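# Structural description and commentary
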Amino acid sequence: MNKTIYDAVKKIRQENIVSFHMPGHKYGRLPRKIEYQEFFSDIYEFDTTEIYGTDNLHNPKSIIKQSQINSRKVLFPESDNYDLIYLVNGSTCGIESSIFCSVKKGDKIILNRGCHQSVYNSCLVSDLKPIFVGENISKEGVFIGVEEREYIEAIENNKDASVVIITRPTYYGMVFDVENIIAKAHEYGMRVIVDEAHGAHFNLHDIFPKSSVYFGADFVIQSLHKTLPCFTQASVLLVNRDRINRSEMGKLSSSLNIFESSSPSYLLMSSIEICVEQTEKFGKKLMEDLLNNIYIFKRKVKNYKIFETSDPTKIFINTIDKGINGHDFAKLLRYKYNIQVEMSNYSGILMLCSICNVKKDFDLLYDAMNDIVEKNMFTLNSDDNYEYDGFFGYDEKVNYGGVEDKSVSDDGIKSLKKSKKIDLDFPSVIPDRRLSPRDAFDATKVSIDIEKSVGKVCGEFIIPYPPGVCIIAPGEIISEEIIDFIVKAREINMEINGMLSSDFSKIQIVDCD
Ligand SMILES: Cc1ncc(COP(=O)(O)O)c(C=O)c1O
C-alpha cells in the first residue's frame, strides 16, 4: 500500500522544521532530550488496554486513579477541592460531557459567540436554547474575548439558564476577568464551565493570568497537548468537588462514557504522566527561559507590529501593514526558511510558543523576518510581480494574495505580489433566531443563491477560519450584513467552514414551505 500519511509526516520530520505550532512538545524535543528513550523506542510496548495490571479510565480504581491525583497535586497544588480527570479525546469530549451532565433537554445555555464547535454541538445534542454573548475581535482578526459586563447582563436577563460557558483564554491568548461572572452565575444556581483549552501552561509563571480553577469554576477543561509537551488529544478536566456532589459526579462519568472512547490509549495517558513530570521538574525554569527569549525577540523586532496578548507565549505578528498578507507570509516562512507558524489570517501570523522552544528558534525567526524585509518584499508595486529567486519552481495558478503556488500541499512558491489591505469587519450583531439549533438541524434544507437569502432561516454553520467565530448558525435569520461579509471573505479567499457550497455562492436554508 502507498502510505501517503506516513510518508508525508516522515518527510516533514526529516525537514526538521522549526515549530511554532501545536502540539506543544515540538516534535518530542524535551521528552527526547531528557529521558524516556524507552518510551520512544518501544512505543508499541506502551500501547495496551484494560488487562491485569492496568486500570479502566471510565472507572479508575488503581494506577489511573492514583496518577490523576498525582497530576492534580503537581498542576494545581493549591486546589485540593478539585478532582482531575484524564481525557484521551481532547478538550472536545470534556466540554461536551460537562455540558451534557449539567443540562436537561431544552435548557437555556449562556455562551460566547466565539466558543468552540463542541459547545455548538452540545446545543444540538441536548436541544439547548443558546443565549449568545458577543465577541470582541480586533481589526487584525485577533479574538479579544468577551466583556465581563455583557456576561453579567446575559445572566441577569436569563436567570433560568442552567449553564454558563466561558472561553478563556482565547486561541490568540487574550483573557478577561471571570471572578464576577462566576460569582453571578453561582448566585442563580448556574453551572460555570470554562474552556481553558489554550491555558494549560498558566501555572508555570506568575506573569500568566490565573486559571479559572482559582475562581471556583465548576468545570475547567485544558488541552495539555496544545501548550505543554504532550501527545495530541491529551487533555484534563477539573471538577470542583465543592459544587459537584457524588451523584452529579456519577452523571459526569456517564456523560464521559458517551462522548469519550471506550478504548482509552495508554500511550496518551503515559504521555500525560511524562508531561506532568517534566513540568514539575523543569517547567518553571524552562518557562522563565522561554519568556526571556520571547522578550528579547519582541524587543529586537523593529519592522513589524506585534499584537500585545495577555499570554506572551502567543505572538501575533501583523504582516499586512507591510504589504504581505499573513497566508503568503506563512508560506514564505515555511518554504523558504523552514519555520512553521500555528495559524495565519489575512492580516498576519500567529506563533504558538511552548517550553520546548529554544533561543535558536527565535533567532531563526528573527533572521527570516529580517531577510524578508531586506529582500525588499514589502515595497513592491501592487501591479508588479516580484520574481523571488525562483526558489520553488512552479508557476501555475495564482492564489488569493500574491504568492503563486501549485496547490496547498505543493511548496511551489515562485513569485510574490503585494497584497492589498482590506478592511473586513466581522458582523457585529448576533442574528435573530427563528428555530432552535436542533430543530434547524433536523429540518429539510434547500440550497439557494446567497444574494437571495436575506431574511431566510439559515440551515448551516458558517464559520470563517480563522478566527473560527460562527457568523451564523442553523436556525438564525440571514441578514444583509452577513451576506456582505461572505462575499468579501470570498474575494480574499478566506477559508469558511460549514458551507456546503465550495465556492460560497450558495447557502443552505431551512425549507419553511
Ligand atoms: C477554544 C478551544 N476550545 C476547545 C478546543 C478543542 O480542543 P481539543 O483539540 O483538545 O479537543 C479547541 C481546539 O482547537 C479550541 O480552540
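Residues numbered from 1 in each chain as written. Predicted model: local features only at pLDDT ≥ 70, side-chain atom pairs only at ≥ 80, totals over all residues. Heavy atoms only, no water.

Per the secondary structure count, the chain includes 15 helices and 21 strands. With the C-alpha coordinates of the chain rotated into their principal frame, the extents come out at 70 × 65 × 50 Å. Contacts in the chain between residues at least 24 apart in sequence constitute 70% of all its contacts with a sequence separation of at least 6. For the chain, the exposed surface amounts to about 22,900 Å²; the carbon and sulfur share of it is 49%. The centroid of the 61 positive side-chain charges in the chain is displaced by 2 Å from the centroid of its 75 negative side-chain charges. (Helix = DSSP H or I, 4+ residues; strand = E, 2+ residues; numbered from the N terminus. Contact = heavy atoms within 4.5 Å. Areas by Shrake-Rupley, 256 points an atom, 1.4 Å probe, with all protein chains shown as cover. Lys, Arg positive; Asp, Glu negative; His and termini not counted. Charge placed at Lys NZ, Arg CZ, Asp CG, Glu CD.)

Glancing now at the side chain of Thr167. Summarising the element assignment, Thr167 is placed in strand E7 (residues 163–167). Looking at Thr167, the relative accessible area reads 11%, which means it is buried. There is a polar contact of 2.9 Å between the side chain of Thr167 and the side chain of Asn112. If we ignore the near neighbours within four places in the chain, the residues touching Thr167 are Asn112, Cys115, Tyr151, Phe176 and Asp195. (Buried < 20%, exposed > 50% of the residue type's maximum accessible area, 1.4 Å probe, protein only. Polar contact = N/O pair within 3.5 Å; in protein donor to acceptor, adjacent residues only side chain to side chain.)

Taken together, 4 strands build an open sheet; the order of strands is E11-E12-E15-E14 and the sheet is antiparallel. Single-partner strands in this sheet number two, and they are strand E11 (305–307) and strand E14 (343–344). Sheet topology note: the E11/strand E12 (residues 314–318) ladder contains 3 bridges and is antiparallel. Looking at the pairing, Lys305 lines up with Asn318 of E12. Where helix H11 (residues 266–300) meets the sheet, it contacts E11 and E12, and its direction lies at approximately 10 degrees from that of E12. Packed on one face of the sheet, helix H12 (residues 326–337) meets E14 and strand E15 (348–352) and runs near 50 degrees to E15. (Pairing = 2+ DSSP bridges. Axes fitted to C-alpha atoms, helices over the stretch in contact; angles between N-to-C directions.)

Further remarks concern the domain arrangement of the chain. When the domains of the chain are assigned, the result is domain 1 (40–277), domain 2 (285–416) and domain 3 (437–510). Of the residues lining the interface, 6 residues belong to domain 2; the matching set on domain 3 comes to 4 residues. Here domain 2 packs against domain 3, burying approximately 430 Å² in sum over the two surfaces, 72% of which is carbon and sulfur. At the junction of domain 2 and domain 3, the tally comes to 0 residue pairs in polar contact (both at pLDDT 80 or more). (Domains from an automatic or database assignment. Buried area = accessible area lost by both parts, 1.4 Å probe.)

Attention now goes to the packing of aromatic side chains. Tallying each qualifying case throughout the model produces 14 aromatic pairs. Plain terms: the ring middles of Phe39 and Phe46 are 5.0 Å apart, the flat faces sit at 80 degrees to each other, and that makes the pair edge-to-face. Under the relative-accessibility criterion, Phe39 is labelled buried at 4%. By relative accessible area, which is 27% here, Phe46 ends up partly exposed. Chaining the aromatic ring pairs together yields one cluster made of Phe143, Tyr171, Tyr172 and Phe316. For Arg113, the ring lying beneath its charged end belongs to Phe132, and the centroid distance is 4.4 Å. (Phe/Tyr/Trp six-rings, centres within 6.5 Å; stacked < 30°, edge-to-face > 60°. Lys NZ or Arg CZ within 6 Å of the ring centre and 35° of its normal.)

Moving on, we get to the environment of Ile207. Position of Ile207 relative to the elements: it lies in the loop between strand E8 (191–195) and strand E9 (219–223). With relative accessibility at 47%, the residue Ile207 sits in the partly exposed group. Taking the C-alpha atoms as reference, Ile207 lies 8.2 Å from Asp311; in sequence the two are 104 residues apart. Here Ile207 is in contact with Leu291 and Pro312, once residues within four sequence places are set aside.

The grouping of Asp423, Asp425, Glu480, Glu481 and Asp484 at the surface amounts to a negative patch. Here Glu480 lies in helix H15 (residues 480–491). For Glu480, a relative accessible area of 54% translates into the label exposed. (Patch = residues over 30% accessible without salt bridge, like charges linked within 9 Å, V, L, I, M, F, W, Y side chains within 5 Å. Salt bridge = Lys/Arg side-chain N within 4 Å of Asp/Glu carboxyl O.)

Ranked by internal contacts, the top residues of the largest apolar core, which has 77 residues, are Ile110, Phe297 and Leu333. Of the residues that make up this core, three or more belong to each of domain 1 (40–277) and domain 2 (285–416). Leave out the neighbours within four places in its chain, and Ile110 touches Ile131, Val133, Tyr151, Ala154, Ile155, Asn158, Ala161, Val163, Val164, Ile165 and Met190. Core analysis: the second largest hydrophobic core is formed by 35 residues, Val142, Tyr171, Met343 and Cys458 among them. (Core = buried A, V, L, I, M, F, W, Y, C linked by side-chain atoms within 4.5 Å.)

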